[in-house]
Amino acid sequence: MCRICGGTVQEFMDFGRQPLSDAFLTPEEVADEFFYQLRVGVCESCAMVQQLEEVPRERMFNDSYPYVSSGSSRMRDHFSRTAAGFLESELTGPDPFIVEIGSNDGTMLSTIKAAGVRHLGVEPCGGVADVARAAGIRVRSDFFEESVGADIAAKDGPANVIFSANTICHIPYLDSIFRGVDALLAPDGVFVFEDPYLGDIVEKTSFDQIYDEHFYLFSARSVAAMARQFGFELVDVLRLPVHGGEVRYTIARAGARTPTDAVAELIAAEDKHGLAELSTLQKFAAEVDKICHDLVDRLEELRDSGVRVAGYGATAKSATMTNYAGIGPDLVPCVFDTTPAKTGRLMPGSHIPVLPAAQFAAYGAERVVLFAWNHAEEIIANEREFAARGGRWLVYVPDVRLL
Ligand code: SAM
Ligand code: TMP
Ligand code: ZN
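Since we're looking at a predicted model, the values are computed, not measured. (Residues numbered from 1 in each chain as written. Chains lettered and ligands numbered in written order. Predicted model: local features only at pLDDT ≥ 70, side-chain atom pairs only at ≥ 80, totals over all residues. Heavy atoms only, no water.)

Caption draft 1: Main features of the overall build of the chain. Across its full length, the chain carries 14 helices and 17 strands. Taking 403 residues into account, the globule formula puts the C-alpha radius of gyration at 22 Å, and the chain, at 21 Å, falls close to it. Considered along the principal axes of its C-alpha atoms, the chain spans approximately 65 × 50 × 40 Å. The 403 residues of the chain split such that 56% are buried. (Helix = DSSP H or I, 4+ residues; strand = E, 2+ residues; numbered from the N terminus. Rg over C-alpha atoms; globule rule 2.2 N^0.38 Å. Buried < 20%, exposed > 50% of the residue type's maximum accessible area, 1.4 Å probe, protein only.)

What follows is the structure in structure tokens.
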């Protein structure tokens, strides 16, 4: 049953038993590793693409959550521009207030804080929340939900902006989130969130965007229906080039703002491409299988001919890629990454060791699977020596090819 509207959900993809995508393991933790069934479907009524099984939130988001927003310079730029945009538009009245849901290490709020504007991050993971606090950012350690929204409103007053990046699609209980937003948002305030876009995922066959944390894959149509159901309205959409293609959705109280033409245009484009139709999504699923076979074939050839292979970017996405395709240390002996909380550990499910990116050059790889394909430009520039000495990057989105 659809988590948003109660309609019937048609399954189109079963990725089988999957680990938690951000649960990087010590060797001792391997024996107790947690797995769940990653199945995805589309609601016949409201078009929301969603997972069929829910992982308890504390298993994914806890004090050892390793992901930091500041790990990419492009994302740091993106969030400083985002914050600057709010400071110029929505946060210009007397004593404005912005709340960020999933504020992580405070990358976005650092610009707001520097401007001296009232803010609050809501972040359940202690490690990253403490990084933000150390930079002087105000953070509440909590999962945002109805009661938290009401409590913030009681203590701090209404928010002019509630912002959230790469977090709303992680939350199955969106009814409670919208009730919390209802309690907290000023009458003319906006709830703005950005998440991976179903249109990009289908177009690029970027199936590795589907993992435990990405419970929903949003489209303009499904978000518009969801907003309406909870007494709000989708008033603007903006396609973003980050994380492989996202959409920023702006939501206001029903009738409070006039929707831009972009909303109707994006919904019309989605309908024209049959984005939420089961047949489109079944075709997508068949393309996923082809990519997985092609990549495994390519990696077996490389192994059999003695080529030195590695991976780059121990992304959450790579959990789906490696575990669905059956890629382990025999095909990709190690993966390099800059994130301190990931290095020295094993990738979830596949148990491929994660090594510090500082050791990449010395390792002398000849072919490298770019699991962080969404950061290709930045990583290729950082590691330009690799290509200069004849190394080649291997990507699998939108298909398997050498760069
Ligand atoms: N917003 C940052 C960004 O875009 O880089 C972080 C994104 S990270 C993928 C998702 C974040 O959402 C994590 O820091 C996680 O702890 C947080 N999160 C998950 N569920 C949440 C909830 N119910 N309320 C607030 N934060 C939540
Ligand atoms: P993401 O695709 O979920 O943002 O994860 C990107 C991963 O890649 C994260 O673990 C950090 C890592 N990374 C590097 O190792 N080097 C880099 O230059 C960049 C941009 C990311
Ligand atoms: Zn539905």
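Caption draft 2: A look at the coordination of the zinc ion (ligand 3). On the protein side, the zinc ion (ligand 3) has Cys 2 (SG), Cys 5 (SG), Cys 43 (SG) and Cys 46 (SG) as donor atoms, found 2.3 Å from it. One can describe the site at the zinc ion (ligand 3) as tetrahedral: its four donor atoms subtend angles covering 101 to 114° at the metal. Mapped onto the polypeptide sequence, the residues donating to the zinc ion (ligand 3) form the spacing pattern C-x2-C-x37-C-x2-C. On the criterion of sequence distance, the pair formed by Cys 5 in the segment before strand 1 (9-19) and Cys 46 in the loop between strand 2 (35-43) and strand 3 (49-51) is long-range, its members being 41 residues apart. A relative accessible area of 31% means that Cys 5 is categorised as partly exposed. (Donors = N, O, S within 2.8 Å, 3.2 Å for Na, K, Ca; no water. Tetrahedral: all angles 85-135°; square planar, octahedral: opposite > 155°, others 65-115°.)

Caption draft 3: Representation of the packing of helix 8 (residues 220-229) against helix 9 (residues 261-272) within the structure. Between helix 8 and helix 9, the least distance of the axes is 8 Å, while the angle of their chain directions is 125°. The angle between the axes of helix 8 and helix 9 places the two elements in the oblique class. Contact residues: helix 8 offers Ala 220, Arg 221 and Ala 224, while helix 9 offers Leu 266, Ile 267, Glu 270 and Asp 271. Looking at side-chain class alone, the contact of helix 8 with helix 9 contains four nonpolar, no polar and three charged residues. (Axes fitted to C-alpha atoms, helices over the stretch in contact; angles between N-to-C directions. Parallel < 35°, antiparallel > 145°, perpendicular 65-115°, else oblique. Contact = heavy atoms within 4.5 Å. Nonpolar A, V, L, I, M, F, W, Y, C, P; charged D, E, K, R; others polar.)

Caption draft 4: Quick peek at the sheet that holds strand 16 (residues 392-395). In space, the six strands of this open sheet follow the order 14-13-12-15-16-17, with mixed pairing throughout. Pairing within the sheet leaves two strands with one partner each, and these edge strands are strand 14 (354-356) and strand 17 (401-402). Bridging between strand 12 (residues 309-312) and strand 13 (residues 335-337) involves two bridges; their strand directions are parallel. Looking at strand 13, one finds that Gly 311 is bridged to Val 335. (Pairing = 2+ DSSP bridges.)

Caption draft 5: Up close: the UniProt feature "domain: Methyltransferase putative zinc binding" (unreviewed entry) in the chain. The positions UniProt marks with the feature "domain: Methyltransferase putative zinc binding" (unreviewed entry) are residues 2-61. In residues 2-61, the share of helix is 7% and the share of strand is 38%. The end C-alpha atoms are 23 Å apart. (UniProt positions renumbered as here; feature names shortened; annotations may be inferred.)

Caption draft 6: Layout of the site of ligand 2. Near ligand 2, the surroundings consist of 19 residues, among which Lys 317, Asp 337, Lys 342, Asn 374 and His 375 are the closest. At 2.6 Å, a side-chain N or O of Lys 317 approaches an oxygen atom of ligand 2. Interatomic distance of 3.2 Å between a side-chain N/O atom of Thr 339 and an oxygen atom of ligand 2. When ligand 2 is considered free in solution it has 490 Å² of accessible area, and contact with the protein chains removes 95% of it. Considering every element that reaches the shell around ligand 2, the biggest residue donor is helix 13 (residues 376-382), with three residues. Here the shell around ligand 2 is built from residues that sort into five nonpolar, 10 polar and four charged. (Near = heavy atom within 4 Å. Polar contact = N/O pair within 3.5 Å; in protein donor to acceptor, adjacent residues only side chain to side chain. Areas by Shrake-Rupley, 256 points an atom, 1.4 Å probe, with all protein chains shown as cover.)

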